[in-house]
Amino acid sequence: MSFLRAHSVRIAAVVAALVPLLVARFPDIDWYGLVAVVGALLGVGEVAQRVEDGKTREALHETSPNDALAELHMRLAEYETNHSQAFGR
């Protein structure tokens, strides 16, 4: 299941790319079946999009290792601002 979660968009893209290839290879294909496949691909695309959105939401809620550095940088900037005014610069 983790493979599907990690590569859901790629899998949907491969299946979507195969549909025109199959239509070119088998021109006598049933159009009703083709419409069903396209509908299924749209559903798979929606599911893949939701999985990707979930992964993005997860990543946005993680703390960054650079947060501590940013806080240190802000304190240093405040220190420089306060001390540069004391020296008349």
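You'll find the structure just up there.
As the structure is a prediction and not an experimental result, all values here were calculated from the model.

Asker: Could you give an account of the overall build of the protein chain, naming the residues involved and the relevant values?
Answerer: When you go through the protein chain residue by residue, the secondary structure sums to three helices and zero strands. Overall, the protein chain shows an N-to-C arrangement of helices and strands of α-α-α. By the compact-globule yardstick of 12 Å for 89 residues, the protein chain is too spread out, its C-alpha radius of gyration being 26 Å. In the protein chain, which comprises 89 residues, the proportion classed as buried is 8%.

Asker: Can you tell me about helix H2 (residues 31-60), naming the residues and giving the values?
Answerer: Taking 1.5 Å per residue, 30 residues should reach 44 Å; H2 reaches 43 Å between its end C-alpha atoms and fits that length. For H2, every residue scored as buried is listed here: Leu34, Leu41, Ala48 and Gly54. In this fold, the buried residues of H2 make contact with helix H1 (2-25).

Asker: Describe the packing of aromatic side chains, with residues and values.
Answerer: On inspection of all chains with the given rule, the structure shows zero aromatic pairs. One Lys or Arg, Arg25, reaches over the ring of Phe26 and ends 5.7 Å from the middle of that ring.

Asker: I'd love a proper account of the environment of His73, names of residues and values included.
Answerer: In this structure, His73 sits in helix H3 (residues 67-86). Judged by relative accessible area, which is 56%, His73 ranks as exposed.

Asker: I'd like a rundown of H1, residues and numbers included.
Answerer: If you check H1, its first and last C-alpha atoms are 33 Å apart, about what 24 residues at 1.5 Å a residue would give, namely 34 Å. By the largest-angle criterion, Ser8 marks the main kink of H1, which is about 75°. Every buried residue of H1 is listed here: Ser8, Ala12 and Val19. Buried residues along H1 sit in contact with H2.

Parameters at a glance
Residues numbered from 1 in each chain as written. Predicted model: local features only at pLDDT ≥ 70, side-chain atom pairs only at ≥ 80, totals over all residues. Heavy atoms only, no water. Helix = DSSP H or I, 4+ residues; strand = E, 2+ residues; numbered from the N terminus. Rg over C-alpha atoms; globule rule 2.2 N^0.38 Å. Buried < 20%, exposed > 50% of the residue type's maximum accessible area, 1.4 Å probe, protein only. Expected span 1.5 Å × (residues − 1). Contact = heavy atoms within 4.5 Å. Phe/Tyr/Trp six-rings, centres within 6.5 Å; stacked < 30°, edge-to-face > 60°. Lys NZ or Arg CZ within 6 Å of the ring centre and 35° of its normal. Bend = angle between axes of the 7 residues up to and from the residue.

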